[in-house]
Amino acid sequence: MRYIIIGAGAVGGTAGGRLAQAGREVVLVARGKHLSELAAHGLRLRVPEGELTYRLPAVDGPGPLGELRADDVLVLAVKTQDTVSALEAWAEAPVAGGGTAGGRLPLVCLQNGVESGRLALRRFRHVHGVCVWLPSTFVEPGVVSAAGTPLTGILHLGRLPHGTDDTARRIAGDLADAHFEAPVVPDVARWQYAKLLANLSNAIEALTGTRESEAAQALYARVRAEGEAVLDAAGIAYASTGEQRAARGDKVTLVPLGAPRGGGSSWQSLTRGTGTIEADYLNGEIVLLGRLHGVPTPLNELFQRLANRFAREHRAAGSMPVAELVRRADAAEATGSGWETSQLGQEERE
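Residues numbered from 1 in each chain as written. Predicted model: local features only at pLDDT ≥ 70, side-chain atom pairs only at ≥ 80, totals over all residues. Heavy atoms only, no water.

A.B. asks: Sorry, what's going on with the overall build of the chain here?
C.D. replies: When helices and strands are counted, the chain shows 15 helices and 14 strands. Taken against the 2.2 N^0.38 rule, which gives 20 Å for 350 residues, the C-alpha radius of gyration of the chain at 20 Å falls within 12% of a compact globule. Contacts in the chain between residues far apart in sequence, at least 24 positions, make up 71% of those at least 6 positions apart. Seen as two clouds, the 36 positive and the 39 negative side-chain charges of the chain have centres 2 Å apart. (Helix = DSSP H or I, 4+ residues; strand = E, 2+ residues; numbered from the N terminus. Rg over C-alpha atoms; globule rule 2.2 N^0.38 Å. Contact = heavy atoms within 4.5 Å. Lys, Arg positive; Asp, Glu negative; His and termini not counted. Charge placed at Lys NZ, Arg CZ, Asp CG, Glu CD.)

Quick look at the structure:
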């Protein structure tokens, strides 16, 4: 199979590079300066064994590839806020022998959250979800890093909305040859919702620069409890913390790769100044479900709004003191709403 990595950033670039290292055929899809660097100098992947360079085909969309192949696998690795435009670009791409990508080719959603799978099922017949546990960083155009060892990441994989198939097992086999563990599970959404709960701390890290301090951990416990209450009210199953810990063990241990890794995906969005962030599909997913099922979600509302504001106004990652975020969280819980009022509201307007 040929893997077309749509969004060759931190996660997509790492997966593409590792698959290429394992001898699989890979095409990278990127844009802007990143695309230029990939085309001119190849993908530079920094991993514990050193910096590896892969000169792979790099394109900005389906056009340069002509007809897609019947054995292509589309791997969607853009941020969720960019999913719709990517699906629009690729769903109608022609496939050799007739038909389109949306009707014939498997689409693998290598993304945080749960919304991308639902969006994809509107346009693609064969959609696979992934619970992404892959610590990686976009270093600079053309360069990504992944510090995990002995495995680069663990990627639970299955069909959406549920089930497994031979395609999933073949993909998992290729990933196993590429420094990943990829358990094929019939209930991948259960793992994705568990990861969603973990990703509720992304906004804390993006705003304050940490999720490891005692104050940040206490704040995460509060926002996670809110998320669990919402999932329970909605009747949505999720893998327990113990089950996740048992599945991961010490298989992915981070090692220094020179420069500090920095933060996770949301922190990286602010650092790169992209102007967007995935908070609508992390904390915002809990807010949506809370409104649908009558569960208040003031903390997730607050973190969603603040993260979006930081992205929109190009504020520096980590520029809000943890104590300030705790103060705002206390006020949000006291009022029952993440929409700040009185003095805090005045600060928002200013």
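Still more ground to cover, so stick around.
A.B. asks: Explain helix 2 (residues 32–41) to me, please; I cannot follow it from the model alone.
C.D. replies: For the α-helix, the turn length of 3.6 residues means that residues three or four positions removed from each other point alike. Buried residues of helix 2: His34, Leu35 and Leu38, and no others. What you see down the axis of helix 2 is that its buried residues fit within an arc of 100°, all on one side. Elements that come into contact with the buried residues of helix 2 comprise strand 2 (25–29), strand 3 (43–47), strand 5 (58–59), strand 9 (137–140) and strand 10 (143–145). (Buried < 20%, exposed > 50% of the residue type's maximum accessible area, 1.4 Å probe, protein only. Arc of directions from axis to C-beta.)

A.B. asks: How do you make sense of the environment of Leu134 when you look at a structure like this?
C.D. replies: On the secondary structure map, Leu134 appears in the loop between strand 8 (126–133) and strand 9. Between the alpha carbons of Leu134 and Thr14 there is a distance of 8.7 Å; along the sequence they are 120 residues apart. Setting aside chain neighbours within four positions, we find Leu134 in contact with Val11, Thr14, Thr152, Gly153, Leu155 and Phe180.

A.B. asks: Whenever I open this one, the packing of aromatic side chains confuses me. Can you help?
C.D. replies: Centre distance and the angle of the planes are the two values used to describe a pair of aromatic rings. Across all of its chains, the model carries zero aromatic pairs by this definition. In this arrangement the basic side chain of Arg272 is found over the ring face of Phe138, its NZ or CZ atom lying 3.8 Å from the centre. (Phe/Tyr/Trp six-rings, centres within 6.5 Å; stacked < 30°, edge-to-face > 60°. Lys NZ or Arg CZ within 6 Å of the ring centre and 35° of its normal.)

A.B. asks: Please clarify how the pairing of strand 4 (residues 50–54) should be interpreted in this entry.
C.D. replies: Put simply, side chains in a regular strand alternate between the two faces of the sheet. Strand direction decides the pairing type here: strand 3 and strand 4, joined by five bridges, are antiparallel. Opposite Arg46, over in strand 4, you have Glu51 as the bridge partner. Hairpin connection from strand 3 to strand 4: two residues lie between these consecutive antiparallel strands. (Pairing = 2+ DSSP bridges.)

A.B. asks: So what exactly am I meant to see when it comes to the confidence of the model for the chain here?
C.D. replies: Low pLDDT marks stretches whose predicted atomic positions should not be read closely. Across the chain, the average pLDDT comes to 95, with 96% of residues at 70 or higher. Every residue in residues 342–346 scores below 50 in pLDDT, and together they form four contacts with partners more than four places removed in sequence or on other chains. (pLDDT = per-residue confidence, 0-100.)

A.B. asks: Looking at this structure, how should I read the pairing of strand 3?
C.D. replies: Burial of the side chains of strand 3 is restricted to one face: Leu43, Leu45 and Val47 are buried, whereas none of Arg44 and Arg46 on the reverse face is. In this structure, strand 3 lies alongside strand 10, joined through three bridges in parallel fashion. In the sheet register, Arg44 faces strand 10, and the bridge partner there is Val143.

A.B. asks: So what exactly am I meant to see when it comes to the packing of helix 12 (residues 283–293) against helix 13 (residues 298–312) here?
C.D. replies: Packed helices, taken two at a time, are described by the angle their axes make and the gap between the axes. Interhelical geometry of helix 12 versus helix 13 gives an angle of 140° and a closest axis separation of 8 Å. When the axis of helix 12 is compared with that of helix 13, the two are oblique. Taken as a pair, helix 12 and helix 13 cross one another with a handedness that is left-handed. Across from Asn283, Gly284, Ile286, Val287 and Arg291 in helix 12, the residues of helix 13 making contact are Asn300, Glu301, Phe303 and Gln304. Residues that form the contact of helix 12 with helix 13 fall into these classes: three nonpolar, four polar and two charged. (Axes fitted to C-alpha atoms, helices over the stretch in contact; angles between N-to-C directions. Parallel < 35°, antiparallel > 145°, perpendicular 65-115°, else oblique. Left-handed = near helix turned anticlockwise from the far one by under 90°. Nonpolar A, V, L, I, M, F, W, Y, C, P; charged D, E, K, R; others polar.)

A.B. asks: How should the nonpolar core be read in this particular structure?
C.D. replies: For soluble globular proteins, nonpolar side chains are generally found buried alongside one another. If you look at the biggest cluster of nonpolar residues, it comprises 39 residues, and the most contacted ones within it are Tyr3, Val26, Leu28, Leu110 and Leu155. Ranked by residues supplied to this core, first place goes to helix 1 (residues 10–21) with five residues. In contact with Val26, other than residues within four places in its own chain, are Tyr3, Ile5, Gly16, Leu19, Ala20, Leu56 and Pro57. One finds Leu219, Val223, Leu299 and Ala307 within the second-largest nonpolar core, a separate group that totals 34 residues. (Core = buried A, V, L, I, M, F, W, Y, C linked by side-chain atoms within 4.5 Å.)

A.B. asks: Is there a simple way to explain the sheet that holds strand 13 (residues 180–181) in this structure?
C.D. replies: The strands making up a sheet associate through backbone hydrogen bonding, with each pair oriented either parallel or antiparallel. The eight strands are arranged 5-2-1-6-7-8-12-13 in an open sheet whose pairing can be described as mixed. On the outer flanks of this sheet lie strand 5 and strand 13, each paired with one strand and no other. For strand 12 (residues 153–159) and strand 13, the ladder comprises two bridges, and the chain directions are parallel. The residue bridging Gly153 from the neighbouring strand is Phe180, located in strand 13. Packed onto the sheet, helix 7 (residues 188–199) meets strand 8 and strand 12 and runs at close to 40° relative to strand 8.

A.B. asks: Even after reading the chapter, I still don't get the sheet that holds strand 10, so can you show me in this structure?
C.D. replies: Pairing in this open sheet of four strands is mixed, and the strands run 4-3-10-9 from one edge to the other. The open sheet is flanked by strand 4 and strand 9, the only strands paired with a single partner. Direction aside, the axes of adjacent strands within the sheet are offset by 25° on average. Looking at chain direction, strand 9 and strand 10 are connected through three bridges and run antiparallel. The residue of strand 10 that forms the bridge with Thr137 is Ser145. Contacting strand 3, strand 4, strand 9 and strand 10, helix 1 crosses the sheet at an angle of about 90° to strand 3.

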